[in-house]
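Here's the letter readout for the chains.
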Amino acid sequence: MTAGGCTHIIFRHIIWSSHPLAIIRRNWNFMNIQENVPLAQYTTFKIGGNARFFCIVKNGDELKDVIGFAKKNILPYFVLGGGSNILVSDKGFMGMVIKMEIQGKSIDDTMINDQVMISAGAGEMWDDFVEYTVDQGFNGLENLSAIPGTVGAAPVQNIGAYGAEVGQFIYSVHALDTQTMKEIEISGHDCHFGYRNSLFKKEKGRYIVVSVNFLLKKDGKVNTEYKDLKEYFLKKNDQLSIINNQITPAQVREAVINIRWNKLPDWNLWGTAGSFFKNPVISQAHFDEIKVKYPGLPGFPEASNTGGHEDLVKIPLGWVLDNVCKVKGIMRGGVGTYEKQALVIVAKAGATAGEVVAFTQDLMKQVKDATGITIEAEVEWVN
Ligand SMILES: Cc1cc2nc3c(=O)[nH]c(=O)nc-3n(C[C@H](O)[C@H](O)[C@H](O)COP(=O)(O)OP(=O)(O)OC[C@H]3O[C@@H](n4cnc5c(N)ncnc54)[C@H](O)[C@@H]3O)c2cc1C
């Protein structure tokens, strides 16, 4: 039976024979596994080939079943959230794509010191969840408003924006450990959050996030330290409110949404995964050297997450791409940098993953040649 161009099969158990499509069914919990599903529709880049197998999971048991199935059949697997931080190869993914749709929220309001514990399923949409926490009168996540994707992916790269990182608010993560096939609780501390990094990235594929426990506050205090936020409120003549700490989490959320709306492309119109690269962190000595050539280069002190004592500096790569490489707003075929922020790669309808890769590799080379800095992609390559 086919629907939407892809075949739906209710599998019991698959054993590969000499022909890959020869399927033998055995006892297996029923799972609705589809074959040859186009992945572009599930990503914000809107690019990429097919998933050989594709399965939506809505609870922990379904997740265990599909992982067990993939293991038994020696299929690589990939957990897909909202597809907003990935670039899928034009050839697609020759394994099992597991679309995370575990939902649900619960609040534990019995904490002391104005704190509240709130849990959310990995498949909840991140920004709906942020809106929910703000509406409930909880503060903390408002600076992370309007980031696309799911709750389950948020700890994976420790999403961050406007002076906040999600790791600051995570009490613990419930995850399926695919080695032991047991669901475990990992404390925020043990998630080893760093700049766009975490245990889930370091041990890629081992832990699948099922739900996240956030520890939020109810004291209404907000963080408006980030330059763009400060400027936003100053422009609105809210200086007194900033000084007196009278700005509410809902106002910060509104500000962040407005700022983002003016800075970032509408991912319903463009293919994009937001910032394509991480902001590089370099040694103070290297920074001083580049600064001689480019005196306007901004840099911010960065704590070492490897325990080293060397002074480190984080550089806004968008500035380098704009002022050193002069590539802001350029298009090459269907791929380019966004006109308002060069760190954001955009793709027109019809662009291929191959074009994005060629374009971004060229940017990496230009940065290396001009500054000696090796930059890294934030967006994950899926093939
Ligand atoms: C316009 C735009 C703006 C953005 N702005 C920001 C920003 O300000 N800050 C920021 O940090 N990011 C930003 N991003 C990147 C992206 O939104 C985040 O990284 C987001 O958390 C990705 O969520 P997702 O559900 O789409 O994950 P996906 O792209 O589907 O997956 C990303 C990674 O997480 C893994 N993963 C997903 N779900 C799970 C799970 N349940 N368990 C284990 N692993 C899982 C995937 O396997 C993959 O490795 C932006 C993206 C876009 C398109």
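Computed from a prediction, not measured in an experiment: that's the story for all the values here. (Residues numbered from 1 in each chain as written. Predicted model: local features only at pLDDT ≥ 70, side-chain atom pairs only at ≥ 80, totals over all residues. Heavy atoms only, no water.)

Q: Can you help me understand helix α2 (residues 126–135) in this one?
A: Residue pairs three or four apart in sequence face the same way in an α-helix, which turns once every 3.6 residues. Within the span of α2, buried status applies to Trp126, Phe129, Val130, Thr133 and Val134. Down the axis of α2, the smallest arc covering the buried residues is 135 degrees, so these residues share one side. Positioned one or two residues after α2, Gly137 has a phi angle of 90 degrees, which is positive. (Buried < 20%, exposed > 50% of the residue type's maximum accessible area, 1.4 Å probe, protein only. Helix = DSSP H or I, 4+ residues; strand = E, 2+ residues; numbered from the N terminus. Arc of directions from axis to C-beta.)

Q: How should I be thinking about the layout of surface pockets in this particular structure?
A: By rolling a water-sized probe across the atoms, one finds the places where empty space is left. Considering only enclosed or pocket space, the second largest pocket measures out at about 180 Å³ in volume. If you go around the second largest pocket, the residues you meet are Asp228, Glu231, Tyr232, Lys235, Asn258, Ile259, Asn262 and Lys263. Broken down by secondary-structure element, the contributors of at least two residues to the lining of the second largest pocket are α4 (227–235) and α6 (249–263). Its residues assigned to classes, the lining of the second largest pocket comprises 2 nonpolar, 2 polar and 4 charged. (1 Å grid on protein atoms, 1.4 Å probe; cavity = no way out; pocket = protein on both sides within 12 Å on 5 of 7 lines; lining within 4 Å. Points joined across faces, edges and corners; volume = space filled by probe spheres on them. Nonpolar A, V, L, I, M, F, W, Y, C, P; charged D, E, K, R; others polar.)

Q: Would you explain the environment of Ile290 in this entry?
A: Locating Ile290 in the fold gives a position in helix α7 (residues 284–293). With relative accessibility at 6%, the residue Ile290 sits in the buried group. Measuring from C-alpha to C-alpha, the distance between Ile290 and Thr371 comes to 6.3 Å, with 81 residues separating the pair along the chain. Non-local contacts of Ile290, meaning those with residues more than four positions away in its chain, are made with Ile282, Leu297, Thr371 and Ile373. (Contact = heavy atoms within 4.5 Å.)

Q: Hey, could you run me through the site of the ligand in this one?
A: The immediate surroundings of the ligand are formed by 35 residues, with Val79, Gly82, Ser84, Thr150 and Glu380 found nearest. Measuring from an oxygen atom of the ligand, one finds a side-chain N or O atom of Ser84 at 2.6 Å. Contact between the ligand and Thr150: an oxygen atom at 2.7 Å from a side-chain N or O atom of the residue. Burial of the ligand by the protein amounts to 96% of the accessible area it has alone, namely 990 Å². If you list the elements that add at least two residues to the shell around the ligand, you get β5 (77–80), β10 (160–161), β14 (207–217) and β15 (271–275). Of the residues in the shell around the ligand, the class split is 17 nonpolar, 13 polar and 5 charged. (Near = heavy atom within 4 Å. Polar contact = N/O pair within 3.5 Å; in protein donor to acceptor, adjacent residues only side chain to side chain. Areas by Shrake-Rupley, 256 points an atom, 1.4 Å probe, with all protein chains shown as cover.)

Q: Explanation requested: the nonpolar core in the structure shown.
A: Nonpolar side chains in soluble globular proteins tend to be buried together. Ranked by size, the top nonpolar core spans 59 residues in total, and within it Leu63, Met96, Trp126, Leu141 and Phe214 carry the most contacts. For this core, the element with the highest residue contribution is β14, accounting for 7 residues. Leu141 has contacts with Trp126, Phe129, Val130, Thr133, Phe169, Phe214 and Leu216, leaving out every residue within four places of it along the chain. Counting residues in each nonpolar core, the second largest holds 33 residues, with Phe45, Tyr294, Ile345 and Ile375 among its members. (Core = buried A, V, L, I, M, F, W, Y, C linked by side-chain atoms within 4.5 Å.)

Q: Please clarify how the sheet that holds strand β12 (residues 170–177) should be interpreted in this entry.
A: With antiparallel pairing, 5 strands are arranged side by side in an open sheet as β8-β9-β14-β12-β13. Lying at the two open borders of the sheet, with one neighbouring strand each, are β8 (105–108) and β13 (182–187). Strand-to-strand twist across the sheet, computed as the mean angle between neighbouring axes with direction ignored, equals 20 degrees. Where α2 meets the sheet, it contacts β8, β9 (115–121) and β14, and its direction lies at approximately 155 degrees from that of β9. (Pairing = 2+ DSSP bridges. Axes fitted to C-alpha atoms, helices over the stretch in contact; angles between N-to-C directions.)

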